[in-house]
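# A closer look at the structure
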Amino acid sequence: MPSTTFRIFRYQPDQGDPRPYHEDFQLEHDDKLTLLDALLRVRDEQDGSLAMRYSCRSAICGSCACRADGRTVLACMEQVESLKERNGNGAVQVDPIGNFKPIKDLVVDLQPFWTKFKAVKPFLVPDGPAPAKERIVAKEAMQKIYNESKCILCAACYSECNSLAADPDFVGPAAFAWGYRFAADERDGQRRNRVKLYSGDHGVWDCTRCMFCNERCPKGVDPRDAIEKLGSIAFQEGVTRDKGARHAKAFLISMRTGGKLNETLLVPFTDPLGAPLDAPFAVRMLQKGKAPSPLPHKIKRLDEVKKLMKNVKETI
């Protein structure tokens, strides 16, 4: 029968110890034990003070999200033996999800998460009077938001979000996934207002595109893709005053006119007022051969690049 050491994050300020630490627990178990069941056994058999969240045990509620050996997971979905095989030793370290303040042991303060979730208005705001029966939507239209509708609000994406680590006010992947779910819903009448709400400081353009939210989402929601689609809607609605939007627009202009990225266009397009301040630095880079030529350039077969961009646009 396998034996595993579980190195569990402990933080119990109510017990007079304000400093976090890790405590080891040893369990013998069969090879079908989930991480959640292991934590429940530790609590029930060895230390009843262990604090944790869980509910459905079926990957539906999202309550048991935690970090196992540095990776954010749903504890109910992870097999202990698979974790040991991945890390290559007989121990599993369990920590609370990242980017949140711990309250006690594996329990964190999720209030900032819920505040940001509510800020995106995660509900339909239809235009006009209510219909006599219901608003019918074609199946094809609902398929466009099916992925985002799978979000269970487990906050795993927030745990891995580099933008949130750098800027605690960043609205975050799950909230934006829900924002897109309603911005792209044909029944909603606030499409333009929504993308205006989601742009600006701490908004969709502040995403670092690290893709960890997609990688760690246990339900395949792919929140980074939703953020990208919100950026596309912002362009369609003409909401492009944010620096991030202008930066993306500079990419498009560069590709359309020359067929490849012209980095020297990025700064003046992104921040016209700040560009003069960067000029001396840009000159020094040119002198050292560390910057591309500022002269316009155009690749061969530019028409093919334009056709490719048109095809991509039509599939969004």
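Up top is the structure these notes are about.
The structure contained in this document is the topic of the report that follows. (Residues numbered from 1 in each chain as written. Predicted model: local features only at pLDDT ≥ 70, side-chain atom pairs only at ≥ 80, totals over all residues. Heavy atoms only, no water.)

### Considering the packing of helix H8 (residues 173-183) against helix H9 (residues 191-198)
Note the cut-off: Between N-to-C directions, angles span 0 to 180 degrees; the directions come from axes that are lines fitted to C-alpha atoms, helices contributing only their stretch in contact. Starting at the N terminus, helices and strands are each numbered in turn, a helix being any DSSP run of H or I of at least four residues and a strand any DSSP run of E of at least two. Here the angle decides the label: under 35 degrees means roughly parallel, over 145 means roughly antiparallel, 65 to 115 means roughly perpendicular, and every other value means oblique. Left-handed describes a crossing whose near helix is turned anticlockwise from the far helix by less than a right angle; the clockwise case is right-handed. Whether two residues touch is decided by their heavy atoms; if any such pair falls within 4.5 Å, the residues are in contact. Residues are grouped as follows: Ala, Val, Leu, Ile, Met, Phe, Trp, Tyr, Cys and Pro are nonpolar; Asp, Glu, Lys and Arg are charged; every other residue, Gly included, is polar.
Taken N-terminus to C-terminus, the directions of H8 and H9 make an angle of 165°; their axes are 10 Å apart at the nearest point. Relative to H9, the element H8 is oriented roughly antiparallel. As for how H8 packs across H9, the hand of that crossing is left-handed. Residues Phe176, Gly179, Phe182 and Ala183 of H8 form the contact with H9, whose participating residues are Arg191, Arg194 and Tyr198. Taken together, the residues of the contact of H8 with H9 sort by class into 4 nonpolar, 1 polar and 2 charged.

### Side note on the packing of H8 against helix H11 (residues 223-236)
At a minimum axis distance of 8 Å, the contact between H8 and H11 shows a crossing angle of 50°. Our classification of the angle between H8 and H11 gives oblique. Relative to H11, the crossing made by H8 is left-handed. Between H8 and H11, the residues in contact are Pro173, Phe176, Ala177, Gly179, Tyr180 and Ala183 and Pro223, Ala226, Ile227, Lys229, Leu230 and Ile233, respectively.

### Quick notes on empty space enclosed by the protein
The condition that has to hold: Lining residues are those with an atom within 4 Å of a point, where the points come from a 1 Å grid over the protein atoms alone and group into cavities, where a 1.4 Å probe fits but cannot get out, or pockets, open sets with protein on both sides within 12 Å along at least five of seven lines. Grid points are joined across faces, edges and corners, and a volume is the space filled by probe spheres set on the points.
One pass over the full model with this rule turns up 2 cavities of 30 Å³ or more. Space inside the largest cavity adds up to approximately 90 Å³. Taken together, 15 residues line the largest cavity, and the ones lying closest to its centre are Cys151, Cys154, Cys157, Cys217 and Val221. Looking at side-chain class alone, the lining of the largest cavity contains 13 nonpolar, no polar and 2 charged residues.

### Re the pattern of salt bridges
This is how it is decided: Any Lys or Arg side-chain nitrogen located within 4 Å of an Asp or Glu carboxyl oxygen qualifies as a salt bridge. Classification of residues uses two cut-offs on accessible area relative to the type maximum, computed with a 1.4 Å probe and protein chains only: under 20% is buried, over 50% is exposed, and between them is partly exposed.
For the coordinates displayed, the defined rule picks out 18 salt bridges. As a salt-bridge pair, Lys84 and Glu81 come within 3.1 Å of each other at their nearest N and O atoms. Note that Lys84 and Glu81 are positioned in helix H2 (residues 80-87) at a spacing of 3 residues, about one turn of the helix. Here Glu81 falls in the partly exposed class, since its relative accessible area comes to 25%. Between Arg216 and Glu215 there is a salt bridge, with its nearest N and O atoms 2.6 Å apart. What makes Arg216 buried here is its relative accessible area of 14%. One salt-bridge network, held together by shared partners, links Arg10, Glu23, Asp47 and Asp105.

Remember, this is a structural readout, not a statement about activity or role.
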